[in-house]
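Each chain, written out:
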Amino acid sequence: MGSYNIRYYPIYRTLVSMMVWLPIFFLFFNAHLEIKDVLLLEAIYYISVVLLEVPSGYFSDLIGRKITLLISSFGFIVAYFIYGFWDANFLIFSVAQVFLAVGMSFMSGTNTAFYFESLKEEGMELEFPVREAKIQSYTRYGAAAAIILGGFIGSGHLRFSYIASLLFITPAFLITLGFKEPIKENSNENKSILRKFKNIGKYLGQAELKWLFIFSILIYVISHLPYELYQPYLTNLESSYNGLSMNAAILSGVLMALTSLIAGYVAGKSIDWSTKFGLK
């Protein structure tokens, strides 16, 4: 049962990570809307993610990993289709932002839980850290390729980057259809959301997890500020410089791809470095 899951999960994760739209999304929104409306669209997305994150995790525990991942992939498909083919206005984009949040939140946490439980069924759970590090590395390299592609495609027409993203998420959805639901232990405990919240408080009492929790929040905020806001400023470099014509979409793709390549290398080395130097 778990062999299909283990074999195709890395491919699924790589395909989902190939978000060709990443280097151009702000440029795309700003081409149709004023900057204040673009920021409001981003707020709609993040509020939706926050509201869906815990319920989607509870849904995953109660109903199943496979159906949760299917909902995630379907959310991405709908969002990319709207961006790629529907009229460009604030209301339509707002709907797409909610579907994008569905894709992100229903995938978050469920993907790694699904993979760990699939490995555990095969008696391979001790391999999870090394395998997950490799998958993280693959996804970052795949994302780098997609981001470069998105920059060049977006330089011709920004919508094309969303259409290309749709071409990658569709086979990921088909792979998810073939996944088998892994067996979860303590099914009665999974039905108690009150116990889950109690466990969260208990886990955060551990110094290591508390440190990781705070670090994760800070690094998420710090990384997203330039990630969200620097794209429109790249248009200032679009004029010719020493005979070389700059394009904001291409330049954004190059910058983001470089960060993703570095992340891919670091992810692949993370377990070795953590073992050698310690977690902190």
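Residues numbered from 1 in each chain as written. Predicted model: local features only at pLDDT ≥ 70, side-chain atom pairs only at ≥ 80, totals over all residues. Heavy atoms only, no water.

1. A closer look at the overall build of the protein chain
Put simply, the rule is: Strands are runs of DSSP state E lasting at least two residues, helices are runs of H or I lasting at least four, and both sets are numbered from the N terminus onward. C-alpha atoms define the radius of gyration, and 2.2 Å times the number of residues to the power 0.38 defines the globule rule.
Tallying secondary structure elements over the protein chain gives twelve helices and two strands in all. Taken from N to C terminus, the helices and strands of the protein chain fall in the order α-α-α-α-α-α-α-α-α-α-α-β-β-α. Its C-alpha radius of gyration of 20 Å places the protein chain within 12% of the 19 Å reference for a compact globule of 280 residues. When the backbone C-alpha atoms are referred to their principal axes, the protein chain occupies close to 60 × 45 × 35 Å.

2. Quick word on the packing of helix 7 (residues 128-156) against helix 8 (residues 159-178)
Stated precisely, the cut-off is as follows: Every angle, taken between N-to-C directions, lies between 0 and 180 degrees, and every axis is a line fitted to C-alpha atoms, over only the stretch in contact when it is a helix. Any angle from 65 to 115 degrees is called roughly perpendicular, while one under 35 is roughly parallel, one over 145 is roughly antiparallel, and all others are oblique. Any two residues whose heavy atoms approach within 4.5 Å are treated as being in contact.
Relative orientation of the contacting elements helix 7 and helix 8 amounts to 140°, with a least axis distance of 8 Å. Judged by the angle between their axes, helix 7 and helix 8 are oblique. Between helix 7, through Leu-149, Gly-150, Ile-153 and Gly-154, and helix 8, the contact on the second element is made entirely by Phe-160, Ser-161, Ala-164 and Phe-168.

3. Comments concerning a nonpolar patch on the surface
The criterion, for reference: Residues qualify for a patch when their relative accessible area is over 30% and they have no salt bridge, like charges being joined within 9 Å and the nonpolar side chains of Val, Leu, Ile, Met, Phe, Trp and Tyr within 5 Å. Surface accessibility in these figures is a Shrake-Rupley result with a 1.4 Å probe; residues are shielded only by whichever protein chains are displayed. Salt bridge criterion: a side-chain nitrogen from Lys or Arg within 4 Å of a carboxyl oxygen from Asp or Glu.
Together, Ile-35, Leu-39, Phe-213, Ile-214, Ile-217, Leu-218, Val-221, Ile-222, Leu-225, Leu-229 and Tyr-233 make up a nonpolar patch on the protein surface, roughly 1,100 Å² of accessible area in all. Contributions of two or more residues to the nonpolar patch are made by helix 3 (35-62) and helix 11 (207-229). If one sorts the elements of the nonpolar patch by residue count, helix 11 sits on top with eight residues. Position of Leu-218 relative to the elements: it lies in helix 11.

4. Observations regarding the layout of surface pockets
The condition that has to hold: A cavity here means a set of points on a 1 Å grid, drawn over the protein atoms and nothing else, where a 1.4 Å probe fits but cannot get out; a pocket is an open set with protein on both sides within 12 Å along at least five of seven lines, and a residue lines either one if it has an atom within 4 Å of a point. Grid points are joined across faces, edges and corners, and a volume is the space filled by probe spheres set on the points. Each residue gets one label: Ala, Val, Leu, Ile, Met, Phe, Trp, Tyr, Cys and Pro are nonpolar, Asp, Glu, Lys and Arg are charged, and the others, such as Gly, are polar.
Here the second largest pocket defines a volume of roughly 160 Å³. Surrounding the second largest pocket, Leu-39, Glu-42, Tyr-46, Tyr-220, Val-221, His-224, Leu-225, Glu-228 and Leu-229 form its lining. Sorting the residues of the lining of the second largest pocket by element identifies helix 3 and helix 11 as the ones contributing at least two each. Sorting elements by how many residues they give to the lining of the second largest pocket places helix 11 first, with six residues. Of the residues belonging to the lining of the second largest pocket, the class tally is six nonpolar, one polar and two charged.

5. Remarks on the packing of helix 6 (residues 110-121) against helix 7
Note the cut-off: Crossings are sorted by hand: turned counterclockwise from the far helix by less than a right angle, the near helix makes the crossing left-handed, and turned clockwise it makes it right-handed.
Packing of helix 6 against helix 7 leaves a shortest axis separation of 11 Å and a crossing angle of 135°. The angle between helix 6 and helix 7 places the two elements in the oblique class. The handedness of the crossing between helix 6 and helix 7 is right-handed. Where helix 6 abuts helix 7, its residues Thr-112, Tyr-115, Phe-116 and Leu-119 lie against Phe-128, Arg-131, Glu-132 and Ile-135. Class assignment for the residues of the contact of helix 6 with helix 7 results in five nonpolar, one polar and two charged.

6. Some details on the pattern of salt bridges
Tallying each qualifying case throughout the model produces five salt bridges. Of the charged contacts in the structure, one is a salt bridge between Asp-61 and Arg-65, with a shortest N-O distance of 2.7 Å. Linked through salt bridges whose partners overlap, the residues forming this network are Asp-61, Arg-65 and Glu-117.

7. Regarding the side chain of Thr-139
The following threshold applies: The term polar contact refers here to a pair of N or O atoms within 3.5 Å; inside protein, the definition further demands a hydrogen-donor-capable atom paired with an acceptor-capable atom, and it admits residues adjacent in sequence only when both atoms are side-chain atoms.
Tracing the sequence through the fold places Thr-139 in helix 7. At 2.7 Å, the side chain of Thr-139 forms a polar contact with the backbone oxygen of Gln-136.

These results come straight from atomic positions and should not be treated as a statement about function.
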